[in-house]
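A look at the structure
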Amino acid sequence: MAAKITLTLDCADAQALAVFWKTALGYVDTPPPAPFRTREEWFASFDLPEDDSVDDSAWLCDPDGVGPSLSILKVPEPKTAKNRLHIDVRVPGHGSPAERWARIKAESARLVRAGGTALETFDGHHVVMADPEGNEFCVAAASA
């Protein structure tokens, strides 16, 4: 059986980054683990320092249960270098190369409106982008 994975992004503002990635991926907030009814209740079950807040993290999941989970955690240090692992946002749909490229450009534009930044365009293939905190990702076509 293959291992399930969670991708984790370090950040300065977990809630703001969660809003962006829910928009980008169509993900939703992961429900708290049983038997807890809320994330706040779950968080309170740990012996954490008083200045730790449930708002310093976010947990997202694919509502269809297909994609990996995404944890977003506040850390004290800023991002200083290029990611060694990045997310590829794959735009679905078939069609001609021109049709696929049009969908990639439209998705990139949507993600810019959501707070992302287009960093580099590889015409006809993919767009390298950054989320609101500078984490790089690509927008490309899904496999046919």
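Our subject is the structure listed above.
A brief look at the structure comes next. Computed from a predicted model, the values in this text were never measured in an experiment.

1. Digging into the sheet that holds strand S7 (residues 126–130)
- What the four strands build is an open sheet, ordered S5-S8-S7-S6; its pairing is mixed. Strands with a single pairing partner mark the edges of an open sheet, and in this sheet they are strand S5 (87–91) and strand S6 (117–122). The average angle at which neighbouring strand axes cross in this sheet is 25°, direction not considered.
- Judged from the five bridges that link them, S7 and strand S8 (residues 136–141) form a sheet pairing that is antiparallel. Among the inter-strand pairings, His-126 is bridged to a residue of S8, identified as Ala-140.
- Packing against the sheet, helix H1 (residues 14–25) makes contact with S5 and S8, and its axis sits at approximately 35° to S5.
- Running over the sheet, helix H3 (residues 97–113) touches S5, S6, S7 and S8 and is turned about 150° from S8.

2. A short note on the pattern of salt bridges
- Counted according to the given criterion, the structure contains six salt bridges.
- Close ionic contact of Glu-41 with Arg-37 constitutes a salt bridge, the shortest N to O distance being 2.9 Å.
- Judged by its relative accessible area of 70%, Arg-37 is exposed.
- Here Arg-110 and Glu-107 are joined by a salt bridge, their closest N and O atoms 2.8 Å apart. Placement of the pair is Arg-110 and Glu-107 together in helix H3, with a separation of three residues, close to one helical turn.
- Look at Arg-110 and you get partly exposed, because its relative accessible area is 28%.

Conventions adopted
- Residues numbered from 1 in each chain as written.
- Predicted model: local features only at pLDDT ≥ 70, side-chain atom pairs only at ≥ 80, totals over all residues.
- Heavy atoms only, no water.
- Pairing = 2+ DSSP bridges.
- Helix = DSSP H or I, 4+ residues; strand = E, 2+ residues; numbered from the N terminus.
- Axes fitted to C-alpha atoms, helices over the stretch in contact; angles between N-to-C directions.
- Contact = heavy atoms within 4.5 Å.
- Salt bridge = Lys/Arg side-chain N within 4 Å of Asp/Glu carboxyl O.
- Buried < 20%, exposed > 50% of the residue type's maximum accessible area, 1.4 Å probe, protein only.

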